[in-house]
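Results of the structural survey
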Amino acid sequence: MVYFSPTGNTRHVTHAVADRCAQLGSNITLWDITSPAQRRENVDPAAFDAFVFGFPVHSLRAPRLVRQWLRTWQGDKKRCAMFFTYGGFSVHPAHYSTGRILEQQGFSVVASAQFPSAHTYNLGGWEALAHRPDSEDLQAARRYADAVYPRLLGTDTALPSAFEQGDYTTKQLDHFEDFRYRIVTQLPTRSGGECCLCRQCEKVCPAGVFAAEPGEVIGSGCLACLACVAVCPDQVLHINDTRATWQKKLRMGQTSASALNRQKAVFYL
Ligand SMILES: Cc1cc2nc3c(=O)[nH]c(=O)nc-3n(C[C@H](O)[C@H](O)[C@H](O)COP(=O)(O)O)c2cc1C
Ligand code: SF4
Ligand code: SF4
């Protein structure tokens, strides 16, 4: 099972799916590709019978660096299932675009799923799906494992119907990837404050762009994934206050915090 999880939601769901697959009799290898070093590890896909890929939704798709990394893999007709964690807003193009990359790389995609999870921008003041994934979501993750397991073994040969592309062109989706900088206008910073200099922020940064000593993002390539903010034991890293954009986001999505909270996991089988 391959997963990318800057702030831990996708990791929780991955573990629930993995534990259930292990109970069902499979021998699971977990591969966390969140850090650049882990993504450089040389893993031979030929050594595995099937794969499960778990990713967060960043701007309606799997994060860009995950998409780029997937393009370095050869699926060799291996069966795979996908799932996504997302913060309550648009998730749809993630299934289509990631499924397409996996098929182009030679995988056979047998299922997908989405799991509502705390939105990363809650760390700046949003209130989307706080406390998710909860026990019900993790129970759903185990049910997803029950459904995909025979497909990964090949004893259930059914395939999901084609994932919908949605209304957006690739160019529009590329443009949305820059939209986060209208919400996270201040990238993570310690703003000159002091800390114990444990360097966790540097270590967890998936893009390798956070420098612990100045307590700043260095160069371009920050995903605004907020792994550095979430991990800091001294809680001295912060972004801008996102509360104003939270109300705007709800209005744009014609939704409410309680409607978001009623969302349940969805399987595409
Ligand atoms: C840069 C960025 C963009 C995001 N875009 C979306 C989005 O388009 N739709 C959505 O519902 N959630 C979005 N989210 C929320 C994440 O999908 C959600 O919090 C996810 O569970 C984080 O996974 P992780 O904890 O494994 O890192 C975004 C988060 C980040 C950091
Ligand atoms: S994680 Fe926090 S305490 Fe540790 S070096 Fe980074 S800013 Fe300092
Ligand atoms: S510097 Fe940017 S990419 Fe790195 S952990 Fe922090 S928010 Fe994520």
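Residues numbered from 1 in each chain as written. Chains lettered and ligands numbered in written order. Predicted model: local features only at pLDDT ≥ 70, side-chain atom pairs only at ≥ 80, totals over all residues.

Time to look at the overall build of the protein. Across its full length, the protein holds 10 helices and 8 strands. Relative to its length of 269 residues, the protein is compact, with a C-alpha radius of gyration of 18 Å against a globular reference of 18 Å. Dimensions along the principal axes, computed over C-alpha positions, put the protein at roughly 60 × 45 × 35 Å. For the protein, the proportion of its 269 residues judged to be buried stands at 41%. The long-range fraction of contacts in the protein, counting pairs at least 24 apart against all pairs at least 6 apart in sequence, stands at 77%. (Helix = DSSP H or I, 4+ residues; strand = E, 2+ residues; numbered from the N terminus. Rg over C-alpha atoms; globule rule 2.2 N^0.38 Å. Buried ≥ 20, exposed ≤ 12 C-beta atoms within 10 Å, placed from the backbone. Contact = placed C-beta atoms within 7 Å.)

On to the site of ligand 3, then. The immediate surroundings of ligand 3 are formed by 16 residues, with Cys205, Phe210, Cys222, Cys225 and Cys228 found nearest. When the residues that make up the shell around ligand 3 are grouped by side-chain class, the tally is 16 nonpolar, no polar and no charged. (Near = placed C-beta within 6 Å. Nonpolar A, V, L, I, M, F, W, Y, C, P; charged D, E, K, R; others polar.)

Further remarks concern the nonpolar core. With 45 residues, the main nonpolar core has Val17, Cys80, Ala81, Ala141, Tyr144 and Val148 as its most contacted residues. Elements represented by at least two residues in this core include exactly strand 1 (2–3), helix 1 (9–23), strand 3 (50–56), helix 3 (64–70), strand 4 (79–86), helix 4 (92–104), strand 5 (108–116) and helix 5 (135–153). Among the elements that make up this core, the one with the highest residue count is helix 5 (8 residues). Core analysis: the next-biggest nonpolar cluster, separate from the first, contains 16 residues, Val184, Ala207, Leu223 and Ile239 among them. (Core = buried A, V, L, I, M, F, W, Y, C linked by C-beta atoms within 7 Å.)

A few words now on the domain arrangement of the protein. Under the domain assignment used here, the protein contains domain 1 (2–166 + 262–268) and domain 2 (170–254). For domain 1 and domain 2, the distance between their C-alpha centroids amounts to 23 Å. Every contact between the two is made by 21 residues of domain 1 and, on the other side, 24 residues of domain 2. Looking at side-chain class alone, the side of domain 1 that touches domain 2 contains 10 nonpolar, 8 polar and 3 charged residues. (Domains from an automatic or database assignment.)

It is worth spelling out the packing of helix 1 against helix 5 at this point. One can describe the packing of helix 1 onto helix 5 by two numbers: an axis separation of 8 Å at closest approach and a directional angle of 45 degrees. Relative to helix 5, the element helix 1 is oriented oblique. In this structure, helix 1 meets helix 5 at a crossing whose hand is right-handed. Here His12, Val13, Ala16, Val17, Arg20 and Cys21 of helix 1 come into contact with helix 5, specifically with Leu138, Ala141, Arg142, Tyr144, Ala145, Asp146 and Tyr149. (Axes fitted to C-alpha atoms, helices over the stretch in contact; angles between N-to-C directions. Parallel < 35°, antiparallel > 145°, perpendicular 65-115°, else oblique. Left-handed = near helix turned anticlockwise from the far one by under 90°.)

Turning to the sheet that holds strand 3, a few remarks are in order. Spatially, 6 strands are ordered 2-1-3-4-5-8 in an open sheet, and the strand pairing comes out mixed. The open sheet has two free edges, formed respectively by strand 2 (31–32) and strand 8 (266–268), since each of these has just one partner strand. Sheet analysis places strand 4 next to strand 5, joined by 6 bridges and oriented parallel. Within the sheet, the bridge partner assigned to Tyr86 lies in strand 5 and is Pro116. Against the sheet, helix 1 contacts strand 1, strand 3, strand 4 and strand 5, and its axis sits at roughly 155 degrees relative to strand 3. Helix 5 rests against strand 3, strand 4, strand 5 and strand 8 of the sheet, and its axis sits at about 175 degrees to strand 5. (Pairing = 2+ DSSP bridges.)

For strand 5, a buried count of 8 out of 9 residues is recorded, marking the element as mostly surrounded by other parts of the structure. This β-α-β element, strand 4 to helix 4 to strand 5, shows right-handed connectivity. Strand direction decides the pairing type here: strand 5 and strand 8, joined by 3 bridges, are antiparallel. By the bridge assignment for strand 8, Gln114 is matched with Val266. (Right-handed = clockwise from strand over helix to strand, strands pointing away.)

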